[in-house]
Amino acid sequence: KENKDLKSVAEKLSKDPAVAYVEPDYIVNRTISTNDPQLSNQWALPKIKAAEAWKMTKGSSNVTVAIIDTGIDYNHPDLQGNLWKNPGEIAKNGIDDDQNGYIDDVYGWDFRNDDNDPMDGNGHGTHVAGTIAAATNNGKLIAGVAWHAKMSGLKFLSDKGSGSTSDAIDAVAYSAAMGFKVSNNSWGGSGNSRALKEAIEKAGMGGQVFCAAAGNSRKDNDRAPPYPSSYDCKNIISVAASDSSDRLASFSCYGKNSVDLAAPGVRILSLLPNNRTASWSGTSMATPHVAGAAV
């Protein structure tokens, strides 16, 4: 009956000489089609046109991302299926099965504590991982940029968030040796290390895209460069943070020559350990959007 009434109204309106034509006022919905319940709070995904990209590719499980950070909560329900597991290693047998120098490195390695458990005791690495490749369309929490990527936790930052350049070098070297094609590096400092630069360049020779946060000190990186984002390496993408209006975030570093692009980094909803989520801001949150796109 309702459709019949609408048709009658349309016919009457179309006879009015002031009306050019009549058509329905259709209901439309957002084009991202997933069942992740908190997707509507992820403003960054439509901003980077994720739905359009997903029509072409949702990412490959053959691509592994090194999360060089505080580790990953590899028990998080919304990361299951997207965690790298070393195919050459037999878990908990106390043997370096793949002879890469690391015993039982099933999910990655903890370079900070020199053990095989890269569990995240901070939250930063898990937040990064969620943005890159949270399990998507699984009815849980959030969506990731790259639905099918694998992620390895290479922990070199402590649970308080700090780490040494030497441990970072070992993590980068591990990612290169294991053939990981993308790395996310949401960390940095003022020290210019030749050894770290050479490790990044070696990873690049193996085909790795090294995504690095530009920093949160509001500075021009051309004048006061932080590292690793400011190394002049062909495989580094240096990432500033933008807000929902495509403006440079108030905290973000920038640089005409030293920063490559900006990505959403303000109030980014992602995962935290123990099946939690939170909205955080920083170039640390912008960089994993680029790493996910790189996948």
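Note that the structure is a prediction, hence the values are computed from the model and not measured. Along each chain, residues carry numbers from 1 onward, in the same order as the chain's sequence is written. With the structure being a predicted model, the display of local features is reserved for residues of pLDDT at least 70 and the display and counting of side-chain atom pairs for 80 or more, all residues being used for whole-chain, interface and lining totals. The side-chain quantities take in all heavy atoms of the structure and omit both hydrogens and water.

## As for the state of the cysteines
Rules: Any two cysteine sulfur atoms lying within 2.5 Å of each other are counted as a disulfide. Only protein chains enter the accessibility calculation, which uses a 1.4 Å probe; a residue is then buried when its area is under 20% of its type maximum, exposed when over 50%, and partly exposed in between.
As enumerated under the stated definition, the model contains 0 disulfides in all. Left without a disulfide partner, Cys-211 is nearest to the cysteine sulfur of Cys-233, which lies 13 Å away. Residue Cys-253 stays outside any disulfide, its sulfur separated by 17 Å from that of Cys-211, the closest cysteine. A residue is classified by how much of its surface remains accessible, and Cys-253, at 2% relative accessible area, is buried.

## Re the nonpolar core
To keep it simple, the criterion reads: Side-chain atoms within 4.5 Å link the members of a nonpolar core, which is a set of buried Ala, Val, Leu, Ile, Met, Phe, Trp, Tyr and Cys residues. Helix and strand assignments come from DSSP, with helices taken as H or I runs of at least 4 residues and strands as E runs of at least 2, each series counted from the N terminus. In what follows, a contact means two residues having at least one pair of non-hydrogen atoms within 4.5 Å.
One finds Val-65, Ile-67, Ile-72, Leu-79, Ile-132 and Met-151 to be the most contacted residues of the largest nonpolar core, which totals 29 residues. Among the secondary structure elements, those contributing two or more residues to this core are strand 1 (64-69), helix 4 (124-133), strand 6 (236-242), strand 8 (268-272) and helix 7 (283-294). Element by element, the count of residues in this core is highest for helix 4, at 4 residues. Residue contacts for Ile-132: discarding those within four places in its chain leaves Val-65, Ile-67, Gly-144, Val-145, Ala-146, Met-151, Asn-184, Pro-288, Ala-291 and Gly-292.

## Examining the environment of Tyr-107
You can see Tyr-107 is positioned in the loop between strand 1 and strand 2 (108-110). Residue classification places Tyr-107 among the partly exposed residues on the basis of a relative accessible area of 22%. With 47 residues separating them along the chain, Tyr-107 and Leu-154 place their C-alpha atoms 8.5 Å apart.

## Regarding a nonpolar patch on the surface
What counts, and what does not: By definition, no residue in a patch forms a salt bridge, and every one has over 30% relative accessible area; like charges are joined within 9 Å, nonpolar side chains (Val, Leu, Ile, Met, Phe, Trp, Tyr) within 5 Å. Here the Shrake-Rupley method, with its probe set to 1.4 Å, supplies the accessible areas, and only the displayed protein chains count as covering residues. What counts as a salt bridge is simple: a side-chain nitrogen of Lys or Arg found within 4 Å of a carboxyl oxygen of Asp or Glu.
On the surface, a cluster of nonpolar side chains totalling about 220 Å² of accessible area is made up of Val-9, Leu-13 and Val-22. Turning to its location among the elements, Val-9 is positioned in helix 1 (residues 2-14). Of the residues examined, Val-9 reaches a relative accessible area of 45% and is grouped as partly exposed.

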